[in-house]
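Take a look at the letters that make up each chain.
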Amino acid sequence: VYKRNLQSIISMCKNDNTTVVLNTFCHYLYENISDSQLHRKYSSIVSCENKIMNSLAYDNNLLLVDNAKNINFKEELFVDSIHFSVKGMKVLATNIGEKLMQSYSKYF
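In what follows, the accompanying structure is described. (Residues numbered from 1 in each chain as written. Predicted model: local features only at pLDDT ≥ 70, side-chain atom pairs only at ≥ 80, totals over all residues. Heavy atoms only, no water.)

Now for the overall build of the protein chain. Regarding its fold elements, the protein chain presents four helices and two strands. The order of α-helices and β-strands along the protein chain, N terminus first, is α-β-α-β-α-α. Dimensions of the protein chain, computed from C-alpha atoms along their principal axes, come out at roughly 45 × 35 × 15 Å. Put simply, 67% of the contacts in the protein chain that link residues at least 6 apart link residues at least 24 apart. With the model as given, the accessible surface of the protein chain reaches about 7,500 Å², and the carbon-plus-sulfur share is 53%. (Helix = DSSP H or I, 4+ residues; strand = E, 2+ residues; numbered from the N terminus. Contact = heavy atoms within 4.5 Å. Areas by Shrake-Rupley, 256 points an atom, 1.4 Å probe, with all protein chains shown as cover.)

Below, the structure written as structure tokens:
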């Protein structure tokens, strides 16, 4: 359902000539929650969603910012397991900006 819904959104955007950029999600299993069955399950789900995101990017020839691979999972970048600190948001924004500049530099 997740993949189908995202594909529908992508298809509508492409039909309207809207540029689509996909981004993977980050889940930080920091030390205090790394043994939690619930958090490990959530991490597994995020991993599956990120695989779908990669697949959709490939299948639709879309730009993918793979922050799940590009973020250094350190405590200083997160306030909890899914929300970035101010420093983390700057890293996230830098990753996205650099990828956009690499791919769309001819427009800037």
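Continuing now.
On to the packing of helix α1 (residues 2-15) against helix α2 (residues 37-59). Packing of α1 against α2 leaves a shortest axis separation of 10 Å and a crossing angle of 35°. As α1 packs across α2, the resulting crossing turns out to be right-handed. Residue-level contacts link Tyr2, Lys3, Leu6, Gln7 and Ile10 of α1 to Glu49, Ile52, Met53, Ser55, Leu56 and Asp59 of α2. Of the residues belonging to the contact of α1 with α2, the class tally is six nonpolar, two polar and three charged. (Axes fitted to C-alpha atoms, helices over the stretch in contact; angles between N-to-C directions. Left-handed = near helix turned anticlockwise from the far one by under 90°. Nonpolar A, V, L, I, M, F, W, Y, C, P; charged D, E, K, R; others polar.)

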